[in-house]
Amino acid sequence: MILLLVLAAGAYYDVREHRIPNWWVAISMVCGILLAMVESGAPPETAVYLKEGGLFLARMLAVTALFFPLFFFRMIGAGDIKLAALICGYSGFTAGAAAIGLGFLIGAFWSFLKMMVKGSFHERFSHLTAYIRRIYHTKKITAYYDFARDGAEAVIPLGVCLLFGTMAFIMIPG
């Protein structure tokens, strides 16, 4: 339940401000670490208690490292990575990966629908193929998303998708 509240607030900020504030991520991280420690069931003075908090942080760092190249190439935002890291911090790698995967699928479907409604399908894929060709010919990797060229119109608030992906994962029986 706490994770869903964290993601709902993150999605709200993503839609409203196109970013997730660091202070919100820090509060969410502290809550997650404390929750992991308490849920361990170990007495506070034992190493197991501290280990659970450390594992929470380790999962967040691993996810951040995994998704950082997507941020570096401006394919997703830093806030999206922070939310994905929190999902795995709270849920673990297996459940977190499934929730993030569902979130990405929701985002892909939303993007597809948006392109179809706006008639920008051809334009967006032209940008993608030009980007791939430019990397191939110049051997230099540049940012995929360019605000001056693409504007906010091409942006999908992935925080919303990650929230719905996590909700879908929780509701799927099994």
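For the structure, see preceding data.
Residues numbered from 1 in each chain as written. Predicted model: local features only at pLDDT ≥ 70, side-chain atom pairs only at ≥ 80, totals over all residues. Heavy atoms only, no water.

The next point concerns unusual backbone geometry. The backbone of His18 sits at a positive phi, close to 60 degrees, despite the residue not being glycine. The residue His18 is located in the loop between helix 1 (2–17) and helix 2 (22–39) in this model. (Helix = DSSP H or I, 4+ residues; strand = E, 2+ residues; numbered from the N terminus.)

The next subject is the pattern of salt bridges. Within this structure, the stated rule accounts for one salt bridge. Taking the shortest distance from any N to any O, the salt bridge between Arg16 and Glu17 comes out at 3.5 Å. (Salt bridge = Lys/Arg side-chain N within 4 Å of Asp/Glu carboxyl O.)

As a further point, take the environment of Ala62. Locating Ala62 in the fold gives a position in helix 3 (residues 47–72). In sequence terms Ala62 and Ala85 are 23 residues apart; their C-alpha atoms lie 7.9 Å from each other.

This next bit is on the packing of helix 4 (residues 78–91) against helix 8 (residues 158–171). Taken N-terminus to C-terminus, the directions of helix 4 and helix 8 make an angle of 20 degrees; their axes are 9 Å apart at the nearest point. Regarding the angle of helix 4 to helix 8, the classification is roughly parallel. For the pair helix 4 and helix 8, the crossing hand works out as right-handed. Residues Asp80, Leu83, Ala84 and Ile87 of helix 4 touch helix 8, and the partners they reach there are Leu158, Gly159, Leu162 and Thr166. Its residues assigned to classes, the contact of helix 4 with helix 8 comprises five nonpolar, two polar and one charged. (Axes fitted to C-alpha atoms, helices over the stretch in contact; angles between N-to-C directions. Parallel < 35°, antiparallel > 145°, perpendicular 65-115°, else oblique. Left-handed = near helix turned anticlockwise from the far one by under 90°. Contact = heavy atoms within 4.5 Å. Nonpolar A, V, L, I, M, F, W, Y, C, P; charged D, E, K, R; others polar.)

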